[in-house]
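Next come the chains, spelled out residue by residue.
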Number of protein chains: 2
Amino acid sequence: MTTIVDVEVHDVRFPTAASGDGSDAINRGDYSATYVELTTDGGPTGTGFTFTNGRGNEITCAAVRALAHHVRGRTVAEIAAEPVAFWRSLAADVQLRWLGPEKGVIHMATGALVNAVWDLRAKLAGKPMWRLLAEMPTDELVATVDFHHITDALTPDEAAAILDKGRDGLADRLAGLERDGFPSYTTSVGWLGYPDEQVRALTRDAYAAGWRAMKMKVGGRIEDDLRRARIIRAEIGPDALLMMDANQVWDVDEAIAAMGVLAEVDPYWIEEPTHADDVLGHARIARAVTELTGGRCRVATGEVAANKVIFKQLLQAEAIGVMQIDACRVGGVDEVLAELLLAAKFGVPVCPHAGGVGLCEYVQHLAIFDHLRVGTSLDGRMVEYVDHLHEHFTDPVRTRDGRYLVPTVPGYSATMRPESIARFRFPDGPAWR
Amino acid sequence: MTTIVDVEVHDVRFPTAASGDGSDAINRGDYSATYVELTTDGGPTGTGFTFTNGRGNEITCAAVRALAHHVRGRTVAEIAAEPVAFWRSLAADVQLRWLGPEKGVIHMATGALVNAVWDLRAKLAGKPMWRLLAEMPTDELVATVDFHHITDALTPDEAAAILDKGRDGLADRLAGLERDGFPSYTTSVGWLGYPDEQVRALTRDAYAAGWRAMKMKVGGRIEDDLRRARIIRAEIGPDALLMMDANQVWDVDEAIAAMGVLAEVDPYWIEEPTHADDVLGHARIARAVTELTGGRCRVATGEVAANKVIFKQLLQAEAIGVMQIDACRVGGVDEVLAELLLAAKFGVPVCPHAGGVGLCEYVQHLAIFDHLRVGTSLDGRMVEYVDHLHEHFTDPVRTRDGRYLVPTVPGYSATMRPESIARFRFPDGPAWR
């Protein structure tokens, strides 16, 4: 019976802003992690984090400290026996809920803690996270989801039916993944901070390395966006997929106008065409883009979708053709489960958001679980891949020919190397002094 | 030329949780303020705050500190000349935006700073906030609004037309307000923490004091809600208005079922019937409630609406019949202006949320500006009133016969008494030691 005896938080920041890595229409930062360690009375240490963009990482750290009393002193068995009660103790704290509810700083901190508990559970079980989840009985998985505020779109019975059906063919799907890996795409070719020739060279390298799906940033001047898009399309030929990401910079009508121009290069999706909270705006853009491209292009969003209530509505309004869950924007694994089940119910493929710090490490588990146990096909499913900062993790992602290999180490792949934490701790680590 | 030389933040908390004041279906806290002082090179001090519910007030304080560099060293003239650029420096900081965007902790901190700047501007102009705004030329008011992400619902030209038309009859409306005050309603009668006899006694007192509109909390057991509602209705008679507030506790279908029961007591509105982010859910509830009550009851929400993009959608989806702006949930006066103009465009009355700490003090200015300069009628418009904590402000609200009297002191009525700050400062003030 393992007890969580303490919660430690580290403010870890990597100085990426200077290089233009990760620059887009709206963000330019130092990729950072609010990194949580749950120490136990003798067992392994549970680790989790939320990703931030540099400045303000101290705010999410403060939020973790404000929530830590809900975790400290709890036994893992207790939490596993009543997962919704545990989740609500964080997400619906009678005083802290006002700071969200279930959004932004306070919810990201909830996610860091919840994910650290899952990492601990997986380590105790001796299984990688995806396997721990995939092998759970249906009733245990359903009991992990807080259905509050989503029952108008998904009931516990519907969730159970999806998960029961998801058992069919699981062994075959697992064999396929272990043989071929999970499909992915790369975002490393077209950050807004990169000049044209760098975009061309990176695209050529990525294509040579086996990537057949690539994402570029748009939302600068439309003629610049189009010129860069043509460069990439020319390098990858007509059959590879080219995705675009506007990072919310456009108004609704601007997005529709821009896609009228960019349709020329046959984009596979337009990601974050407008403000992340604008469900109705996304729905209008989706209808327009479908019409503009004869259905060849779809709308994608999710990395900044605050919670499952936003995802529910994006699905209800038919606003998205691709759902991009994020592992630590929302309240951790429990809430992601709800989102995967909602997507399955509505028949929309999930392509997780990754990049940043450790997001690739996290989401590979979620995508694999989705395929294995929610029983979704690989058709239209890819995990984002960005080749940054993996060296700081003890169990970094491994890829081959543009596909993620199945993780095998127990846990949620969320553990950072102690020397990286020490070196990049803000503001006192040697990298920042 | 006044320069803001420093930004001070105080964590001020009032121990209200123990008394049951402010208790509802989802919140139970110590009413608190993240209180900001902008010191200047010789001029008055600008003050502003965001309201929180106790625990976590240190997180919004940290967020104010993270944003303060956008304010420190700026001149008031500079900010007034380019208000949208200033507002975006806070709301769209390239690193901090990730923590929202425009929601929760980081946006509430933006609001505290932005409101403090407005308080300073009003003090420098020697005018109460409502008058500073009401007397501004149309083009200056329009230039204060960031239309990014709302142009599909409201253009700058439409806003200008509303404000130009709003000048008609302004003097008469002002004379009316100065004679009669602004209508309000009271929420002090029916907190969930109060027993039946206390509810009856408070209702009787409020009615005797002139209140003809009262709000109760619902969302407990439906039979308890109904019993308490019957007590209040019996005390106030058939003609006074009875509003209900569920504080987001219901799922969409539960809300519809509960209103089927509570319709018996002829509620005027149902507030926050479900999750604050659920635009589509509110729209479904609004259609059902209209049908259940023959249009006598409407849906209200807004105190937890994260930003103008959420309000835009609530209006577009016809999800609300009453829009409840909050003075410090969103990014301050600039964003509230956008919300008032959106409401006017869609013809939905604004009844500001108040209570907490200092919210009554803030929103009276916004409601008066709405009536005077946006040119809206008083029909269906009321400001919430809660009789708590006014004694801590240097210019507290004044009411007469259930109406707010027009404030006359220069500023935004947001200045706390120094002795209150000292006494309730957390954790070192004498009230907390």
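Criteria and thresholds
- Residues numbered from 1 in each chain as written.
- Chains lettered and ligands numbered in written order.
- Predicted model: local features only at pLDDT ≥ 70, side-chain atom pairs only at ≥ 80, totals over all residues.
- Heavy atoms only, no water.
- Helix = DSSP H or I, 4+ residues; strand = E, 2+ residues; numbered from the N terminus.
- Rg over C-alpha atoms; globule rule 2.2 N^0.38 Å.
- Buried < 20%, exposed > 50% of the residue type's maximum accessible area, 1.4 Å probe, protein only.
- Contact = heavy atoms within 4.5 Å.
- Areas by Shrake-Rupley, 256 points an atom, 1.4 Å probe, with all protein chains shown as cover.
- Lys, Arg positive; Asp, Glu negative; His and termini not counted.
- Charge placed at Lys NZ, Arg CZ, Asp CG, Glu CD.
- Polar contact = N/O pair within 3.5 Å; in protein donor to acceptor, adjacent residues only side chain to side chain.
- Least-squares fit on C-alpha atoms with pLDDT ≥ 70 in both.
- Axes fitted to C-alpha atoms, helices over the stretch in contact; angles between N-to-C directions.
- Parallel < 35°, antiparallel > 145°, perpendicular 65-115°, else oblique.
- Nonpolar A, V, L, I, M, F, W, Y, C, P; charged D, E, K, R; others polar.
- Pairing = 2+ DSSP bridges.
- Phe/Tyr/Trp six-rings, centres within 6.5 Å; stacked < 30°, edge-to-face > 60°.
- Lys NZ or Arg CZ within 6 Å of the ring centre and 35° of its normal.

Before going further, it helps to spend a moment on the overall build of chain A. Helix and strand content of chain A: 16 helices and twelve strands. A globule of 433 residues ought to have a C-alpha radius of gyration of about 22 Å, and chain A, at 21 Å, matches this closely. Taking all 433 residues of chain A together, the buried fraction comes to 67%. Across chain A, every contact between residues at least 6 apart in sequence was considered, and the portion connecting residues at least 24 apart equals 74%. Per element, the accessible surface of chain A, about 13600 Å² overall, is 51% carbon and sulfur. Of the charged side chains in chain A, 44 are positive and 61 negative; the average position of the first set lies 2 Å away from that of the second.

Residues and elements named next belong to chain A. As for its placement among the helices and strands, Ser-184 is situated in strand 4 (residues 182-190). The exposure class assigned to Ser-184 is buried, which follows from its relative accessible area of 7%. Of the polar contacts made by the side chain of Ser-184, one reaches the backbone oxygen of Gly-402; its length is 2.9 Å.

Residue and element names in this part refer to chain B. Residue position: Asp-146 is located in the loop between helix 6 (138-144) and helix 7 (156-166). Relative accessible area serves as the criterion here: at 8%, Asp-146 is assigned to the buried category. Counting along the chain gives 63 residues from Asp-146 to Pro-83, while the straight-line C-alpha distance between them is 8.6 Å. Filtering out sequence-adjacent residues up to four positions away, Asp-146 remains in contact with Val-84, Trp-87, Arg-88 and Lys-308. Engagement of the side chain of Asp-146 in a polar contact is seen with the backbone nitrogen of His-148, the distance being 3.0 Å.

Residues and elements named next belong to chain B. Within the secondary structure layout, Val-363 lies in helix 15 (residues 359-372). Measuring from C-alpha to C-alpha, the distance between Val-363 and Asp-428 comes to 30 Å, with 65 residues separating the pair along the chain. Those residues within four positions of Val-363 in sequence are excluded, and the remaining contacts are Ala-327, Pro-352, His-353, Ala-354 and Val-383.

Superposing chain A onto chain B requires a rotation of 180 degrees together with a translation of 0.0 Å along the rotation axis, leaving an RMSD of 0.0 Å. The two molecules are tied by a two-fold rotation axis, judged by turn and shift. A share of 100% of interface residues in chain A that are also interface residues in chain B marks the association as one of identical surfaces.

Moving on to the packing of helix 1 (residues 57-67) of chain A against helix 1 (residues 57-67) of chain B. Axis separation between helix 1 of chain A and helix 1 of chain B bottoms out at 9 Å; the angle between their running directions is 175 degrees. Relative to helix 1 of chain B, the element helix 1 of chain A is oriented roughly antiparallel. Along the contact surface, helix 1 of chain A presents A:Glu58, A:Ile59, A:Ala62, A:Ala63 and A:Ala66, while helix 1 of chain B presents B:Glu58, B:Ile59, B:Ala62, B:Ala63 and B:Ala66. Its residues assigned to classes, the contact of helix 1 of chain A with helix 1 of chain B shows eight nonpolar, no polar and two charged.

Residue and element names in this part refer to chain A. Taking strand neighbours across the sheet as the criterion, the three strands line up as 1-2-3 in an open arrangement whose pairing is antiparallel. Edge strands, defined here as strands with exactly one partner in the open sheet, are strand 1 (4-13) and strand 3 (46-52). Ignoring strand direction, the axes of neighbouring strands in this sheet form an average angle of 20 degrees. Two elements, strand 2 (residues 32-40) and strand 3, share seven bridges in a ladder whose sense is antiparallel. Residue pairing across strands places Tyr-35 opposite Phe-49, the latter belonging to strand 3.

Applying the stated criterion across every chain, the model contains 22 aromatic pairs over all chains. Between A:Phe49 and A:Phe393 the ring centres are 5.9 Å apart and the planes differ by 55 degrees, which places this aromatic pair in the tilted class. Note that A:Phe49 is positioned in strand 3 and A:Phe393 in the loop between strand 10 (383-385) and strand 11 (399-400), a separation of 344 residues in sequence. Overall, A:Phe49 belongs to the buried group, its relative accessible area being 0%. A relative accessible area of 1% means that A:Phe393 is categorised as buried. What links up through ring pairs into an aromatic cluster is the set A:Phe49, A:Tyr362, A:Phe393 and A:Tyr412. Positioned above the aromatic ring of B:Trp98 is the side chain of A:Arg329, whose terminal nitrogen or guanidinium carbon lies 4.5 Å from the ring centre. Sitting over the ring of B:Phe426, B:Arg13 keeps its end group 3.7 Å from the ring centre.

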